[in-house]
Amino acid sequence: MASWWLPRNALRWVYLSLFSLFRGQRVRLVLAIIVIVLLVPYVWPFLYNLGDWVRQTNPWSEQYRVQQDFVSTTDELDCLYGRTRPAPETAHVNELEFPAESEPIPNHVHFIFGLSNPYDDPRVGTFNFISYLAIRSAVVGIRADNISLHYTYLAHPPAPEPNKNPFSNRWVRRLKDDITLVYHSPAEMDALKNQPGAHWQAAHVSDLLRLKLLREQGGIYLDIDSFGLRPFTDLLRSPRDMIMGHEGGNRGGLCNAIMVARKNSTFIDRWAAEYSNVDLSHEWNFHSVILPKKLQMQNPDDICALPPSTFFWPTWTWHHVQWMHEPLTRQQARQWTVEIHRNGGSLFGEQLAYHAWSQMAWDRFLSRLTPEMIRTRDTRFNLLVRRFLHEDVGAAVW
């Protein structure tokens, strides 16, 4: 009996030691998992932003081409200041005959919002404070004669039915004296697709709707994150039927986030025809930015192209978005306030509007803005849009 005691007790000791060791490792592993789960909500935004920063600012990023410096061309400045000659419609041996002066483009601003229902997909968002500011910019900055908000869903909180009480949204309600609401049914929106029922992003449906509106009515189109800073007076007198702005210092495209057009524009007819028999389910900006640039190069007399600085500068790049929203010192704020006043409401002399690039700026900056922040925190963006606020917006009751 005694001869078995040591080995048996030794084996028991080894077993208990190993059990304790593994049990300790399991406890530590469980504790580590719990700590990680608790920290994820705090660490993930940092890691996400870090990854986004690396992706956008690495030496091989296309963004350096987009944000490169540029010099406005003579043709672009002629377009901006209303000096563009009408395109010759007929040519004769001894002379060119130019058409009579065209009717001005209507000072009618169109916005589109709510083609997707946030009740079904909360990620699409509801009409919000930034949307309100964009429409106010058309009132105060552009001094539009008419403003139309084209929509399918505007209710807040979101409702399953289209056109459900749009004035339940407090931002829409605050704008009721400034805008005309224009409802578009889901069936109407589906009919815009080249194949009804095709799985297009709402942005692509919006692309076609804005072309349809400008072709039928003419006027100014602004994305709901675009801000008109000054009247478009010279653009509305342009002899060209279509006016767009270059995107990026490299002039890689003409962006459809801000457009000015006379109804029955030939350029829009050509552009809209390019949407036939194409699959847009895996595309983002070819038809909205790159294609109009190609059409402009093929048909230069159909369109007037503006400098990048008029609508789309600063650009969507990481550094440019940061520049627009970084805090200013008191001296910088005074300098930019003077500059904006000198330019009639713009950062630069050639700037008429600013596209805020919500896809790139929403999580980092735009989603956090409140009326109080716009009024009290000095950034270049806040200085630009501060004058668009109603005096009562942000008060305890409004």
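For the structure, see preceding data.
Everything numeric in this text was worked out from a predicted model, so none of it was measured.

K.L.:
Before we go on, may I ask you to explain the overall build of the protein chain in this structure?
P.N.:
Across its full length, the protein chain holds 16 helices and 11 strands. A separation threshold of at least 6 residues defines the contact pool for the protein chain, and within that pool the share at least 24 residues apart is 76%.

K.L.:
Looking at this structure, how should I read helix 13 (residues 330–342)?
P.N.:
The periodicity of an α-helix, 3.6 residues per turn, causes residues three or four positions apart to be oriented the same way. Relative to the 18 Å expected for 13 residues at 1.5 Å per residue, helix 13 spans 18 Å between its end C-alpha atoms, a close match to the ideal helical length. All of the buried residues in helix 13 are Ala333, Trp336 and Ile340. The buried side chains of helix 13 occupy one side of the element, clustering within an arc of 70 degrees when seen end-on. Summarising the geometry of helix 13, the exposed residues directed more than 90 degrees from the buried face are Arg330, Gln331, Arg334, His341 and Arg342.

K.L.:
Any chance you could explain the side chain of His355 here in plain terms?
P.N.:
Tracing the backbone shows His355 in strand 11 (residues 353–355). Since its relative accessible area comes to 6%, His355 is described here as buried. Side-chain polar atoms of His355 contact the side chain of Asp225, separated by 3.0 Å. Among all residues touching His355, those that are not within four sequence positions of it are Asp223, Asp225, Ser226, Ala257, Ile258, Phe311 and Phe312.

K.L.:
Would you take a moment to explain the nonpolar core for this structure?
P.N.:
A general tendency of soluble globular proteins is for nonpolar side chains to be buried together. One finds Phe111, Phe127, Leu133, Phe227, Phe232, Phe311 and Phe381 to be the most contacted residues of the largest nonpolar core, which totals 69 residues. Among the elements that line this core, the one with the most residues is helix 4 (residues 129–142), at 8 residues. When neighbours within four sequence positions are excluded, Phe311 is seen to be in contact with Phe232, Leu235, Gly245, Ile258, Val260, Leu306, Leu352, Ala353, Tyr354 and His355. Judged by nonpolar contacts, the second largest core, of 26 residues, contains Trp200, Leu214, Ile268 and Leu291.

K.L.:
Mind showing me how you'd approach empty space enclosed by the protein here?
P.N.:
One water molecule sets the probe size; rolling that probe over the atoms shows where empty space is left. Summed over all chains, the structure comprises 2 cavities of 30 Å³ or more. Put simply, the largest cavity is a space of about 40 Å³. Forming the boundary of the largest cavity are Asn117, Pro118, Tyr153, Leu154, Ala155, Pro158, Ala159, Glu161 and Lys164. Each pocket or cavity is described by its volume, and for the second largest cavity that value is around 30 Å³. Taken together, Phe113, Ser116, Pro118, Gly125, Thr126, Phe127, Tyr153, Leu154 and Ala155 form the lining of the second largest cavity.

K.L.:
Just checking my understanding: could you explain the environment of Ala138 for this structure?
P.N.:
Note on placement: Ala138 falls in helix 4. Residue classification places Ala138 among the buried residues on the basis of a relative accessible area of 0%. Beyond its immediate chain neighbours, meaning those up to four positions away, Ala138 contacts Val109, Phe111, Arg143, Ala144 and Ile147.

K.L.:
Please explain the pattern of salt bridges as it appears in this structure.
P.N.:
Opposite charge on two side chains permits pairing when their charged atoms draw close. In the structure shown here, the tally under the stated rule is 17 salt bridges. Across the pair Arg210 and Asp207 runs a salt bridge whose closest N-O atoms are separated by 3.5 Å. Placement of both Arg210 and Asp207 in helix 7 (residues 202–217) is noted, with a separation of 3 residues, approximately one turn of the helix. With respect to class, Arg210 is no different from Asp207; both count as buried. Here Arg210 and Asp223 are joined by a salt bridge, their closest N and O atoms 3.3 Å apart.

K.L.:
I keep staring at the pairing of strand 6 (residues 219–222) and nothing clicks. Help me out?
P.N.:
Where a strand is regular, its side chains alternate between the two sheet faces. Both strand 3 (residues 108–113) and strand 6 contribute to a ladder of 2 bridges, which runs parallel. Each residue of the ladder has a partner; that of Val109, found in strand 6, is Ile220. Taken together, the 4 bridges between strand 6 and strand 9 (residues 253–261) define a ladder with antiparallel strand orientation. Residue pairing for strand 9: Gly219 is matched across the bridge by Ala261.

The rules behind these values
Residues numbered from 1 in each chain as written. Predicted model: local features only at pLDDT ≥ 70, side-chain atom pairs only at ≥ 80, totals over all residues. Heavy atoms only, no water. Helix = DSSP H or I, 4+ residues; strand = E, 2+ residues; numbered from the N terminus. Contact = heavy atoms within 4.5 Å. Expected span 1.5 Å × (residues − 1). Buried < 20%, exposed > 50% of the residue type's maximum accessible area, 1.4 Å probe, protein only. Arc of directions from axis to C-beta. Polar contact = N/O pair within 3.5 Å; in protein donor to acceptor, adjacent residues only side chain to side chain. Core = buried A, V, L, I, M, F, W, Y, C linked by side-chain atoms within 4.5 Å. 1 Å grid on protein atoms, 1.4 Å probe; cavity = no way out; pocket = protein on both sides within 12 Å on 5 of 7 lines; lining within 4 Å. Points joined across faces, edges and corners; volume = space filled by probe spheres on them. Salt bridge = Lys/Arg side-chain N within 4 Å of Asp/Glu carboxyl O. Pairing = 2+ DSSP bridges.

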